[in-house]
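Now for the letters of each chain:
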Amino acid sequence: MKKYNFNAGPSILPKETIDNTAKAILDFNGIGLSIMEISHRSKDFQAVMDEAVALFKELLNIPEGYSVLFLGGGASLEFCMIPYNLLEKKAAYLNTGVWANKALKEAKFFGEVIEVASSKDANYSYIPKDYIIPTDADYFHITTNNTIYGTEIHTDIDSPVTLVADMSSDIFSRPIDVKKYGMIYGGAQKNLAPSGVSFVIIKDEILGKVSRSIPTMLDYRTHIKDGSMFNTPPVVPIYAALQTLKWIKSIGGLEVMYKMNVEKAEVLYNEIDRNSLFEGTAAKEDRSLMNICFVMKEEYKHLEADFFTYATERGMVGIKGHRSVGGFRASTYNALPKESIEALVKCMQDFEQAHK
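Here is a short report on the structure shown in this document.

1. Here we look at the pattern of salt bridges
Then, in step 1: In total, this model carries 18 salt bridges according to the counting rule given.
Then, in step 2: For the salt bridge of lysine 246 with glutamate 51, the shortest nitrogen-to-oxygen distance reads 3.9 Å. You can see lysine 246 sitting in helix H6 (residues 235-250) and its partner glutamate 51 sitting in helix H2 (residues 43-60), a full 195 residues away along the chain.
Then, in step 3: Note on lysine 246: relative accessible area 37%, which makes it partly exposed.
Then, in step 4: A relative accessible area of 34% places glutamate 51 in the partly exposed class.
Then, in step 5: Linked through salt bridges whose partners overlap, the residues forming this network are Glu271, Arg274 and Glu352.

2. Some details on the environment of glutamate 51
Then, in step 1: Between the alpha carbons of glutamate 51 and proline 63 there is a distance of 17 Å; along the sequence they are 12 residues apart.
Then, in step 2: Dropping the residues within four chain positions of it, glutamate 51 is found in contact with Leu242 and Lys246.

3. What about the sheet that holds strand E11 (residues 278-280)?
Then, in step 1: One open sheet accounts for 3 strands, arranged E11-E12-E14; its pairing is antiparallel. Whereas interior strands pair on both sides, the edge strands pair on one side only; in this sheet they are E11 and strand E14 (328-331). Going from strand to strand, the sheet's axes swing by 35 degrees on average, the running direction of each strand aside.
Then, in step 2: Pairing analysis gives 3 bridges linking E11 to strand E12 (residues 291-296), with the strands arranged antiparallel. From the neighbouring strand, glycine 280 faces E12, where its bridge partner is phenylalanine 294.
Then, in step 3: Running over the sheet, helix H8 (residues 304-313) touches E11, E12 and E14 and is turned about 30 degrees from E14.

4. Some words on the nonpolar core
Then, in step 1: Phe56, Leu60 and Phe172 are the most contacted members of the largest nonpolar core, which has 57 residues in total.
Then, in step 2: Among the elements that take part in this core, H6 stands out by supplying 10 residues, more than any other.
Then, in step 3: Sequence-distant contacts of leucine 60, defined by excluding residues within four places in its chain, comprise Ile171, Phe172, Ile176, Val178, Ile201 and Leu254.
Then, in step 4: Membership of the second largest hydrophobic core comes to 33 residues, among which are Ala265, Phe278, Tyr310 and Ala343.

5. So, the packing of aromatic side chains
Then, in step 1: For the structure shown, the criterion picks out 15 aromatic pairs.
Then, in step 2: Site record: aromatic cluster; members linked through ring pairs are Phe278, Phe294, Phe307, Tyr310, Phe328 and Phe351.
Then, in step 3: The positively charged end of arginine 314 is found above the aromatic ring belonging to tyrosine 310, 3.5 Å away from the centroid.

6. Overview of the sheet that holds strand E4 (residues 112-118)
Then, in step 1: The strand order across the open sheet formed by 7 strands is E2-E10-E9-E8-E5-E3-E4, and the pairing between neighbours is mixed. Strands with a single pairing partner mark the edges of an open sheet, and in this sheet they are strand E2 (66-71) and E4. For this sheet the average axis-to-axis angle between neighbouring strands, irrespective of direction, equals 20 degrees.
Then, in step 2: Where strand E3 (residues 90-95) and strand E5 (residues 140-143) come together, 2 bridges link them in parallel fashion. Within E5, the residue paired with tyrosine 93 across the bridge is histidine 141.
Then, in step 3: Sitting on the sheet, helix H3 (residues 74-86) is in contact with E2, E3, E5, strand E8 (163-166), strand E9 (183-187) and strand E10 (198-203), with an inclination near 155 degrees to E9.

7. Observations concerning H6
Then, in step 1: With 16 residues, H6 ought to run about 22 Å at 1.5 Å a step, and its terminal C-alpha atoms sit 23 Å apart, in line with that.
Then, in step 2: H6 sits mainly inside the fold: 13 of its 16 residues count as buried.
Then, in step 3: Once H6 finishes, glycine 252 follows within two positions and takes phi at roughly 120 degrees, a positive value.

8. Comments concerning the packing of H3 against helix H4 (residues 98-107)
Each pair of packed helices can be described by the angle between their axes along with the distance between the axes.
Then, in step 1: The geometry of H3 relative to H4 is characterised by a closest axis approach of 8 Å and an angle of 40 degrees between their N-to-C directions. The orientation of H3 relative to H4 falls into the category oblique. The handedness of the crossing between H3 and H4 is right-handed. In this structure, H3 uses Ser76, Phe79, Cys80 and Pro83 to contact H4, whose residues at the interface are Trp99, Lys102, Ala103, Glu106 and Ala107.
Then, in step 2: Taken together, the residues of the contact of H3 with H4 break down into 6 nonpolar, 1 polar and 2 charged.

9. A closer look at the pairing of E10
Then, in step 1: Burial analysis of E10 places 5 of its 6 residues in the buried class, which makes it a mostly covered element.
Then, in step 2: Bridge count for E9 against E10 is 5 bridges, and the pairing is antiparallel. Of the residues in E10, the one forming a bridge with glycine 187 is serine 198.

Cut-offs and rules
- Residues numbered from 1 in each chain as written.
- Predicted model: local features only at pLDDT ≥ 70, side-chain atom pairs only at ≥ 80, totals over all residues.
- Heavy atoms only, no water.
- Salt bridge = Lys/Arg side-chain N within 4 Å of Asp/Glu carboxyl O.
- Helix = DSSP H or I, 4+ residues; strand = E, 2+ residues; numbered from the N terminus.
- Buried < 20%, exposed > 50% of the residue type's maximum accessible area, 1.4 Å probe, protein only.
- Contact = heavy atoms within 4.5 Å.
- Pairing = 2+ DSSP bridges.
- Axes fitted to C-alpha atoms, helices over the stretch in contact; angles between N-to-C directions.
- Core = buried A, V, L, I, M, F, W, Y, C linked by side-chain atoms within 4.5 Å.
- Phe/Tyr/Trp six-rings, centres within 6.5 Å; stacked < 30°, edge-to-face > 60°.
- Lys NZ or Arg CZ within 6 Å of the ring centre and 35° of its normal.
- Expected span 1.5 Å × (residues − 1).
- Parallel < 35°, antiparallel > 145°, perpendicular 65-115°, else oblique.
- Left-handed = near helix turned anticlockwise from the far one by under 90°.
- Nonpolar A, V, L, I, M, F, W, Y, C, P; charged D, E, K, R; others polar.

Here you go:
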């Protein structure tokens, strides 16, 4: 039976990424060794790192003065590294979900933290508007896409202070104006690579401004100086990331990718709004293109388990909502084909017909 992968992360990857990485695991570049067993200091792997960084810069149109890093520890380690490197007196955070709240919590170890706005009052079902960013903050932190609640910031914010963005789950889903950000970071296991590597795009000039001493491994300047090679990097996930970057370029880059993502999301959101059994959970103007969350309407709540079983029997994988919110979630990352969306929509329509 064909499987349709809606997992929230680790998640679906392009077939090219999986195939090319599998080949390299058996024999990398025809050298008779696996990518898993070569030295990260070898010329062969340095070429992988160099090309991955170059494609990052090309696809996102990253200007001069920014560094691209591949690190371990996931976005959760960045929650700590960011204030360690950037927070001198005060930081501002927008609280739009679980991960934004975790980032905010970590920053409090290093100084004063201002929560400029929060949507917690409505179970994070919307993105706060009309908040004021304090101009005396060292930086303003946002989480652009909220995987658990299905909300997304769709535009690049104009911030009067250094803007830091966790883009773990929507990086490379649309063009972004990198110049508006001091730092963009995230775990790669949504739109880029298998789990095990995180990415950092950072404006070099924002570093070195704090008075505290920073442990070597937690100092971004360490990793910039050594080209992400201060310690052994996650070699296989970086190689896989390179294959994904090549795939994005091959289909036409981020303008094409964004158009595809909008079209996919519209198909599913239109069905959610039409179907008499289901309803969306996120404010319509803030609906995510990456994580589409929905529930059974109140009068049909008793059918929730039945629909999950029904969908699973038809090959839908990973559509159960996060344990903290319930319902359903279809993660529609870059590599998910429109065919998968259409299969889920057909499943919803058939289930509706059977329960009218």
